[in-house]
Every structure is written in structure tokens, then in C-alpha cells.
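# Summary of the model geometry
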Amino acid sequence: MADTELDVKYVAHLARIALSPAEEAKLGAQLGNILGYIEKLRELDVSQVEPTAHAIPLINVMRPDEIRPSLPVEDALRNAPAQANGLFLVPKIVE
Amino acid sequence: MEYEAVIGLETHVQLKTKSKMWCGCANEFGAPPNTNVCPVCLGLPGVLPVANEEGLRLTVLTGYLLNCSIPSFAKFDRKNYFYPDAPKNYQITQYDKPSTAHGFVDFEFAGGMSRVRITRAHLEEDVGKNFHFARNSGVDFNRAGVPLLEIVSEPDLTSSDMAYTYLNALKDILIYGGISDCDMEKGMVRCDVNVSVRPVGQKELGAKIEIKNMNSFSGVRRALDYEIPRQIAVVKAGGKLSQETRRWDDVGGITELMRSKEQAHDYRYFPEPDLMPFEPTAAWLEEVSRRVVELPLARKQRFMTAYGLPAPDAETFVNDVPLADYFEQVTATAKNPKAVANWVINNLRAKLTETGTPLAEVKIKPADLPDLVALVDGGKISSKIAQDVFAEMFATGEAPAAIVEKKGLAQVSDTGAIEKLCDEVIAANPKSAEDFRAGKGAALNFLKGQVMKLSKGKANPGLVGEILERKLQS
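What comes next concerns the included structure.

### Notes on the overall build of chain B
The helix and strand tally for chain B stands at 15 helices and 14 strands. Computed over C-alpha atoms, the radius of gyration of chain B comes to 32 Å, more than 25% over the 23 Å expected from 2.2 N^0.38 for 474 residues, which places it beyond the range of a compact globule. Dimensions of chain B along its principal axes, counting C-alpha atoms only, are 95 × 55 × 50 Å. Across the 474 residues that make up chain B, the buried fraction comes to 50%. Counted over contacts in chain B with a minimum sequence separation of 6, partners at least 24 positions apart contribute 68%. Split by element, the accessible area of chain B, about 21800 Å² in all, is 53% carbon and sulfur. Where the 57 positive side-chain charges of chain B centre and where its 62 negative ones centre are 2 Å apart.

### Overview of the sheet that holds strand β4 (residues 90-93) of chain B
On the basis of which strands lie adjacent, the open sheet formed by three strands has the order β4-β3-β14 (chain B) and antiparallel pairing. Unpaired on one side and paired on the other, β4 and β14 (270-271) of chain B mark the two borders of the sheet.

### Quick word on the pattern of salt bridges
All names here are of chain B. Applying the stated criterion to the full structure yields 41 salt bridges over all chains. The shortest N-O distance in the salt bridge between R78 and D274 comes to 3.4 Å. Remark: D274 occurs in the loop between β14 and α4 (282-289) and R78 occurs in strand β3 (residues 77-80); sequence separation between them is 196 residues. For R78, a relative accessible area of 13% gives the class buried. For D435, the salt bridge goes to K431, with nearest N and O atoms at 3.5 Å.

### A closer look at the interface of chain B and chain A
Opposite the 55 residues of chain B that make contact, chain A presents 34 residues. Buried surface at the junction of chain B and chain A, summed over both partners, amounts to about 3700 Å²; 61% is from carbon and sulfur atoms. If you sort the residues of chain B by the area they bury against chain A, B:F82, B:S137 and B:M276 come out on top, with a joint share of 15%. Taken together, the connections running from chain B to chain A amount to zero salt bridges. Viewed at the interface, chain A and chain B are joined by 20 residue pairs in polar contact (both at pLDDT 80 or more). Of all elements in the fold, only β2 (51-52), α1 (53-65), β7 (129-132) and β8 (136-140) of chain B reach the threshold of two or more residues within the side of chain B that touches chain A.

### Overview of the side chain of B:R120
Residue and element names in this part refer to chain B. Examined against the element boundaries, R120 turns out to sit in strand β6 (residues 112-125). Only 2.6 Å separates the side chain of R120 from the backbone oxygen of Q94, close enough to count as a polar contact. Here Y95 takes part through its backbone oxygen, which lies 2.8 Å from a polar atom of the side chain of R120. Leave out the neighbours within four places in its chain, and R120 touches Q94, Y95, P98, T100, A101, E150, I151 and V152.

### Here's the deal with the pairing of β7(B)
All names here are of chain B. With four bridges joining them, β7 and β8 adopt antiparallel strand pairing. Bridge pairing in β8 links K129 to D140. Taking the residues that link successive antiparallel strands as the turn, the β7-β8 hairpin has three residues.

Reading the values: the criteria
- Residues numbered from 1 in each chain as written.
- Chains lettered and ligands numbered in written order.
- Predicted model: local features only at pLDDT ≥ 70, side-chain atom pairs only at ≥ 80, totals over all residues.
- Heavy atoms only, no water.
- Helix = DSSP H or I, 4+ residues; strand = E, 2+ residues; numbered from the N terminus.
- Rg over C-alpha atoms; globule rule 2.2 N^0.38 Å.
- Buried < 20%, exposed > 50% of the residue type's maximum accessible area, 1.4 Å probe, protein only.
- Contact = heavy atoms within 4.5 Å.
- Areas by Shrake-Rupley, 256 points an atom, 1.4 Å probe, with all protein chains shown as cover.
- Lys, Arg positive; Asp, Glu negative; His and termini not counted.
- Charge placed at Lys NZ, Arg CZ, Asp CG, Glu CD.
- Pairing = 2+ DSSP bridges.
- Salt bridge = Lys/Arg side-chain N within 4 Å of Asp/Glu carboxyl O.
- Buried area = accessible area lost by both parts, 1.4 Å probe.
- Polar contact = N/O pair within 3.5 Å; in protein donor to acceptor, adjacent residues only side chain to side chain.

Here is the structure:
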């Protein structure tokens, strides 16, 4: 396995996931394995390969600027844990 | 020690499209909350965004208007963060391969020309709008997914006034180009300000302070008027500034700390797998470039040089494009475009407002205004009579020469006729004649007025003056 340092606590915070110390250890090992696997790719010589943003050889996929029907507001809000006056209610936002 | 400010601006502008950037929901302000939303802009699982071609066109068109280069390859990336107004938990944006880069904006400032370099203008999406209540917040996603252009300037600005002038110049360009309506009241333009201070002559930049989410240009100016002296005071007192983000409190007139660098976001950008790269073809670019318009500053300069107009007149035409187009159309044959401009700006505009007539319905034919000016310049009618002729032209669409003819308004330059009128007036006003002979110059003006009145305004005023004077002195 490649030597890959991963700050599990930091990554968990970025993903807003609360982990117990046991979970941290377990996920840390699993993620380490994944990164180790990715490390294997470094063994390949890609100096002759053009970098790409996408695996599919398609470009310029566009649609015309036309309005299409939106969802009825009650459907849009169907998954909202809380709602009022057509708004999704969320915990108070403080910056 | 003297200090100077170094300012760069990130200006966010909503593009003027009918539909949103990745879905067909309407790009419309003021609809009831969450009525212009669909699975794509709500970030529901399993949906696929598809780029709005007009959004890409307006982005590239902005690049042309801001003198940018247009890279042959552009792509989209995900900027990851959690915030209630970002339904996907990421914003689609252009990170390392933007659609436009390396441009500049020229504008008039402090009696000269200034240039601010543009780092890039890249395409991204707007987020929802938050409402804050006592115990919770509410989110409306109508704005989420609206195409948003981020125009990043180099740190070329040095004062609050210069920043304010640049922003207005940029706004004028975007409105002219049909890129955005730039309605500040509707939140179509928002600004992040980066500002640092350094001793004059020092090359390295000071610690960069970012002021987030300004929604008015005057707010930007006021925030800088507060922030620059604040930073200078800190440094002068031996303090140290560190990179941080501040918020402008418009009511209190101060900036306050939001977050310092330690808590800075880690956005983990990566290529957006759902959107294909964009490689504009020559034909596509050619089609967009045909929408490039003359910019406000170029227009102003052209009106000043081509028509000999003073700056205020040229500015009037910059700010009122239809009126300017009308002026250019009617003045094509004119020998005296400046006088034609006066008629258009002063008289025609007043008549349009007074009668509520749209410009398109003006009856005056294109060649008629220059003809009216020629009648005045040639001494055929007085400028006072010209006002009446103009009113008639506006009302009926008749040619000025025909009106003068029909109403017998031609200026009388027949010396014999004027002499007769002068004799009458002198006879009727012996006291004024006496006064003039006694050295009271003002009496001549009174007599001259009487002759003009008697001639119903038609006598050539220059001739009247000469003849009166000759008669009184003999």
C-alpha cells in the first residue's frame, strides 16, 4: 500500500459527517486503500497522453434558450423538512 | 509615511437570458417563491444539466466587449461548499479554463483616461435567495441556476472614486452590449471588493482584505472610504493586517470581520462530470462577434469628433441610444450637425415628453431638421421664428420651407421695408429716441424690440439695429 496521508477528521468536517473514533479509524484505512489504488496509476507513463476533463469525446453540448415548465410549487417543496409561504425553511443562517 | 490603496473587484452580473443556465426554468425576477424551479436547479438526484447556448454566447460577447481573448477550450468545474442557498452543495463555475481572459476596460476618470485590466470573465450559476426570520431562515430557489458572469479585475484601482467610476463604466458596457439589464434593485449586479494598503513606492502588496457581497456601487465607494483609512491607521499604529473577509454594514457605515484566513473555505474544485467541455468553432465565434456594439466611450468620442459636439451633448446621446440613432439619421445631410443636435436634444426631446409621442412616431422627415437649421444659418428666418416653424413641423410633418412660405414667416431683410418700420417706431417713441441721443445705449434695445414686435418677429434683427442707429445719429 502506498504511503498516503489523509486527514480523516478534516475530510469528515468538509463533508459535514460526524464520525466516532472507531469510524474514523475504519474509514481512514478504507480511504487509504482507495488512495493507494489511485497511486498505482502513477506507475503509468502518461507523458504522451493529452489531459482531458472528460472521458466521453463530446464537446459543445448545448440547448436553445427556451423556457420550459417548472414544477408546481407544492411538488418543489414536497421534500422540504419544513416550509412556510412557499419557502424552504432551514435553521437560522448566521455568518 | 504615505500609503496607497490597491483595489481589485470581482463583479457578478446576471446574464439576460430567457431561461436558466442548466435547465428550462424562467430566468425571471419577482415570481412567487420556488415557482421557477425544477429537479435540475433544485439539485435532485439523477438530473443532468445542459448548457444554455445563449448564456455561453453572452459570456463570449462580454469577452469581446472587454477586449479579452477567447480561449479555444473552456470547461466547467464544481466548487464544493455547504450553504442553504446552494441546493446541490456545489456551484458550477469555470475554475482553471474560463471562457474569456486577459482584457481591459478603458474609462474617463479624473479628467483623463484610465485602464483597468480584466483578469477573466467566467460563467457560473447564481444561488438561491435567503430570507431571515426570528428563529429560522427561508430559501427561495428561483434564482438558483440563473447564469452569472464573474468579472475579475486586476488590482489596478487606487481609490474609492476610481472603483466607483470603473463599476459604472463596466455597467454601461454590459447594458450597451445587451449582456445584462444590470438592475441593482433586482440584485442583478453584486460585487466583492479586495483591498489592501502599502507604503507608496513599495512593490509587494499588503494583506488582502475582502469585503463580500456588496449590492450597490455607492456602497462599494462608502465601504472603501471606511476601509482604506482603517487599514492605514492599523499599519501606522504599528499593527499588522492579516488576510480576512469582512462584511459591509450599510446602516452602521462600517466593515466588520466575517472570517479570517484560518477558517478559509476549501472548495475542492474538480471538473464537472455532467457538462462537456466547450470548444467554440470559428463560425460560432463569428456569429457572436456580429453582436459586438460600439461601446459608450467610443460612441462619445465619435460624436465629439465626427459631429463637433460638446461633451455634454455627446453624453446625452450615449445615454439615450434611440435619440442618438435618430440624430445620426437626420444629420446625415447636415452642414451644421451641432445646431441639429441642439434641436434634437433641447426642442425635440421636450416636445416628445410634452406630447407623450414615441420617437418612432415623429412626423418630421429626416432631411427637414437640417433644412430648418439651414434656413436660420442663411438668415432666411430668425431663430425665434424657427421655434414656431419647428412646432409646426412637429405637429404636421410639413417641410420648414413650406411652412415659412405658407405663413409668410420669412425674415425681412429688405432695407426699405425695415427703414419704414424704424421711422414709425422712432416717431412713436420720441422719448426713447431722445434718451439714446443723450447717450443712454439701453434705449436702442427698447426701440429695436419695438421694431421687431411691429414686424411680428420677421425683421432681420441685425439690420434693424444698424438702421436704427444710423437714423438716430443723423
